[in-house]
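Listed below, chain by chain, are the residues.
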Amino acid sequence: MYWVSRGLGLVGLSLLVGCASVSESTIAEMSDSQLCQAQAAHQPPNAVGRITIGVLTLGVSEFAEMQRRQDRRVFETTLRDRGVTACP
């Protein structure tokens, strides 16, 4: 029973995280400064913080980190396409 509830919890969390992604229309409306701020907000925690969070959440937090990494790549790609090489 434990594994069934654990599996359902993981499926629910992955669906929730999958729906939380930023939309391309939102990104297109953002200024360069807003993109830089969003990119900075999506930076991963340091190794100790990530391990601690992972242990406390039994690894479920890695799904959220995966989504943050995908969002960060979108921000970086958009900034690069706009010709912004460094954020202030």
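For every chain, the first residue of the written sequence is number 1, and numbering continues from 1 along that sequence. Per-residue local features of the predicted model are confined to residues with pLDDT of at least 70, and side-chain atom pairs are confined, for both listing and counting, to 80 or more; whole-chain, interface and lining totals are unaffected and use all residues. Derived side-chain values reflect all non-hydrogen atoms in the structure, with water molecules and hydrogen atoms excluded from consideration.

## Some points on the nonpolar core
By nonpolar core is meant a set of buried Ala, Val, Leu, Ile, Met, Phe, Trp, Tyr and Cys residues that side-chain atoms within 4.5 Å join together. When a residue's accessible area, from a 1.4 Å probe over protein chains only, is under 20% of the maximum for its type it is buried; when over 50% it is exposed; and in between it is partly exposed. One finds Ile-27, Met-30, Leu-35, Cys-36, Ala-38, Phe-75, Leu-79 and Val-84 forming the largest nonpolar core, which totals 8 residues. Comment: elements are numbered from the N terminus, with helices defined as DSSP H or I runs of at least four residues and strands as E runs of at least two. Residue assignment for this core shows that the elements contributing at least two residues are helix H3 (32–41) and helix H5 (61–82). Contacts between residues were defined by any pair of non-hydrogen atoms, one from each residue, lying within 4.5 Å. Discounting chain neighbours no more than four positions away, the residues touching Cys-36 are Leu-79, Cys-87 and Pro-88.

## Some remarks on the packing of H3 against H5
Helix axes are fitted to C-alpha atoms over the stretch in contact, other axes to C-alpha atoms as well, and angles between N-to-C directions run from 0 to 180 degrees. Contact geometry for H3 and H5: axes closest at 9 Å, N-to-C directions at 150°. By the criterion of interaxial angle, the relationship of H3 to H5 is roughly antiparallel. Seen from above, H3 lies across H5 with left-handed handedness. When H3 is examined against H5, the residues Asp-32, Leu-35, Cys-36, Ala-38, Gln-39 and Ala-41 are found in contact with a partner set consisting of Arg-68, Arg-72, Phe-75, Glu-76, Thr-78, Leu-79 and Arg-82. Across the contact of H3 with H5, the residue classes break down as 6 nonpolar, 2 polar and 5 charged. Should an angle fall under 35 degrees it is taken as roughly parallel, and over 145 as roughly antiparallel, whereas 65 to 115 is taken as roughly perpendicular and any remaining angle as oblique. Left-handed describes a crossing whose near helix is turned anticlockwise from the far helix by less than a right angle; the clockwise case is right-handed. Ten residue types, Ala, Val, Leu, Ile, Met, Phe, Trp, Tyr, Cys and Pro, are classed as nonpolar, four, Asp, Glu, Lys and Arg, as charged, and the remainder, Gly among them, as polar.

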